[in-house]
Amino acid sequence: MMKVLCALYAVSVSAALAVDLPDVLKSANGKTVDSVAVWESARRPEVLELFKTQVFGRNPVERPASLRFEAVDAGTEMLEGKALRKRVNIRYSGPGGEGTIRLTAFIPKAAQPAPAFLLICNRPEQNIDPERNVKSPFWPVEELVARGYAALSFQTGDVDPDTFDGFTNGVHGVFQPDPQVRSPEAWGTIAAWAWGASRIMDWIETEPLIDRTRVAVVGHSRGGKTALWCGASDTRFALTISNDSGCGGAKLNRMDLPLSEHIARINTVFPHWFCGNFKQYGDNEAALPLDQHMLIALLAPRLAYVASASLDDWAGQPGEFRSCVLASPVWRLYGKKGLVGETFPAADTPLQEGCIGYHLRTGKHDLALYDWERYMDFADRNWRRSLVR
Ligand code: GTR
């Protein structure tokens, strides 16, 4: 019986793999991209534009002239003196009003300027408790600091509420106050959250205690989709980490994984996450001029990491893995290795040799300490850090 089931699984995975996917190294004009110069001058901008116009939407503004940083806590010793905590209100205004992103940063004393992990927090605020009364594995500040990393986080709801409000609230309302004139290419909520992470990078660039050249952006699930778009559209992030990001994140849209989320469903349940144009691809994946491996390819030649969880079929784990394999040729153009390992790995055996890391954690849809530990291992390895333990 077991053998039959395994055989059936193998058949269904190989059937799911036999899909016709757009080639990341073939331009819309049919030309094969065979050099970094052509990738950077032509194909990469073309792919980035496709994700802007067809998936996440176009931002009306990048760094607004009105952006300012207000120190709420200019530096308090925390974690028994091992870290300095800073809190900053990142404020901006536009034609429709103003907004504030509240940033918390714990910077280790032992390693300054410190490399950093910025968490896009899509879970309730107690997960990122600045006082450390609540210690959630979702943001393990103590462990990050112990390994010499600064831990930064902000709440997605500060940038834009996670509800379909007709794009009147949050940063949408600040910069595009009239939703009546919204184009099908206008930014959705995921793009807005990614924009918020970029504004934090604007602050990092002013902070001498953080090494701006070694900053990772991390997100889980809807936050993972956001991290990928953030890293793709803002090349200041040296490492982009997608944890269980699934549909609209790392998972291939065309791979037929019946237990996983599909475009039609995500657009119905979360009509505010993507741009208007993305709606046309529900139950019509074949019409997409892209697939999600091309989103990961936009991170090259920087570092990328995709993680899945064994019980998280909804995120389509083999589709998340396969995207990493199919994005890898872009790293090879640079003479680097993308993902090292073409076979879907067993649980808890991370693949970390190339510039793309991948692991499948045993367990459910979550951002767990195991995930963070592997992300830090990958950063240690690539940033050639002696372990500060
Ligand atoms: C689910 C959604 C997923 C994922 C998840 C989450 O309901 O279908 O795409 O983003 O939420 O964010 O936890």
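Numbers given for residues are sequential positions, taken from 1 along each chain in its written order. Local features in this predicted model are restricted to residues of pLDDT 70 or higher, and side-chain atom pairs are both shown and tallied only at a pLDDT of 80 or more, whereas totals for entire chains, interfaces and linings draw on every residue. With hydrogens and water stripped out, all remaining heavy atoms of the structure feed into the side-chain values.

A. Looking closely at the overall build of the chain. Note on conventions: DSSP H or I runs of at least 4 residues are helices, E runs of at least 2 residues are strands, and numbering of each starts at the N terminus. A count of helices and strands for the chain gives eleven helices and nine strands. The globule rule used here is 2.2 Å times the number of residues to the 0.38 power, and the radius of gyration it is set against is calculated over C-alpha atoms. Scaling as 2.2 N^0.38, a compact globule of 389 residues should have a C-alpha radius of gyration of about 21 Å, and the chain matches this with 20 Å. Seen along its three principal axes, the alpha-carbon backbone of the chain occupies a region of about 60 × 55 × 45 Å. For the exposure calls, accessible area comes from a 1.4 Å probe over protein chains only, and a residue counts as buried if that area is under 20% of its type's maximum, exposed if over 50%, partly exposed in between. Expressed as a percentage of its 389 residues, the buried residues of the chain come to 56%.

B. Region of the structure containing the pairing of strand 2 (residues 83–94). Strand pairing requires that DSSP identify at least two bridges connecting the strands. Bridging between strand 1 (residues 68–78) and strand 2 involves eight bridges; their strand directions are antiparallel. Following the sheet pairing, Glu70 is matched in strand 2 by Asn89. Two successive antiparallel strands, strand 1 and strand 2, enclose a turn made up of four residues, where Leu79 displays a positive phi of approximately 50°. Two strands pair when backbone bridges link them, and strand 2 and strand 3 (residues 97–108) are joined in this way by twelve bridges, in the antiparallel orientation. Looking at the pairing, Arg91 lines up with Thr100 of strand 3. Hairpin connection between strand 2 and strand 3: a loop of two residues separates the two successive antiparallel strands.

C. Highlighting the nonpolar core. Within the largest apolar cluster, 113 residues are counted, with the highest numbers of intra-cluster contacts made by Phe51, Phe117, Leu152 and Leu239. With eleven residues, the single largest contributor to this core is helix 6 (residues 189–204). Grouping buried Ala, Val, Leu, Ile, Met, Phe, Trp, Tyr and Cys residues that are joined through side-chain atoms within 4.5 Å yields what is termed a nonpolar core.

D. Here's a closer look at the site of the ligand. Proximity criterion: a residue is near a molecule or strand once any of its heavy atoms comes within 4 Å of it. As a matter of local geometry, the ligand sits amid Ser221, Arg222, Lys225, Glu261, Arg265, Ile266, Phe270, Trp273, Trp314 and His365. At a separation of 2.5 Å, an oxygen atom of the ligand approaches a polar side-chain atom of Arg222. Within 3.5 Å is the distance limit for a polar contact, defined as a pair of N or O atoms, with the added protein rule that one can donate a hydrogen and the other accept it, and that residues adjacent in sequence qualify only through two side-chain atoms. Between the ligand and Glu261 there is a distance of 2.6 Å, counted from an oxygen atom to a side-chain nitrogen or oxygen. When the free accessible area of the ligand is taken as 320 Å², the share hidden by the protein chains comes to 82%. When residues of the shell around the ligand are traced back to their parent elements, those giving at least two are helix 7 (222–233) and helix 8 (263–269). Counted by class, the shell around the ligand contains four nonpolar, two polar and four charged residues. Accessibility throughout is a Shrake-Rupley quantity obtained with a 1.4 Å probe, and a residue counts as covered only by protein chains that appear here. We call Asp, Glu, Lys and Arg charged. Ala, Val, Leu, Ile, Met, Phe, Trp, Tyr, Cys and Pro are nonpolar, and the rest, Gly among them, are polar.

E. Region of interest: unusual backbone geometry. Across the junction of Gln112 and Pro113, the peptide omega takes the value 0°, indicating a cis bond. Here Pro113 shows up in the loop between strand 3 and strand 4 (114–121). With omega at 0°, the peptide bond leading from Ala300 into Pro301 counts as cis. By secondary structure assignment, the location of Pro301 is in the loop between helix 9 (293–297) and strand 8 (303–309).

F. Fine view of the side chain of Asn277. Within the fold, Asn277 resides in the loop between helix 8 and helix 9. Taking relative accessible area as the criterion, Asn277 reaches 16% and is therefore assigned buried. Any pair of residues with heavy atoms lying within 4.5 Å of one another is described as a contacting pair. Setting aside anything within four residues of it in sequence, one finds Asn277 in contact with Thr53, Gln54, Pro184 and Glu185.

G. Looking closely at the packing of aromatic side chains. Any two of the Phe, Tyr and Trp rings considered here, Trp counted by its six-membered ring, make a pair once their centres fall within 6.5 Å; the pair's planes then place it as stacked at under 30 degrees, edge-to-face at over 60, or tilted in between. Counted by the stated rule, this structure contains 21 aromatic pairs. Relative to Phe167, the ring of Phe164 has its centre 5.9 Å away and its plane inclined at 75°; by these criteria the two rings are edge-to-face. Ring geometry for Tyr305 against Phe378: centres 5.1 Å apart, planes inclined by 80°, an arrangement best described as edge-to-face. In this pair, Tyr305 is assigned in strand 8 and Phe378 in helix 11 (residues 369–382), connecting sequence segments 73 residues apart. Every member of this aromatic cluster is reached through a ring pair, and the members are Phe117, Tyr149, Tyr305, Trp372, Tyr375, Phe378 and Trp383. Seen from the ring of Phe167, Arg182 lies directly overhead, with NZ or CZ sitting 3.4 Å from the centre. Over a ring means this: the NZ of a Lys or the CZ of an Arg is within 6 Å of the ring centre and within 35 degrees of the ring normal.

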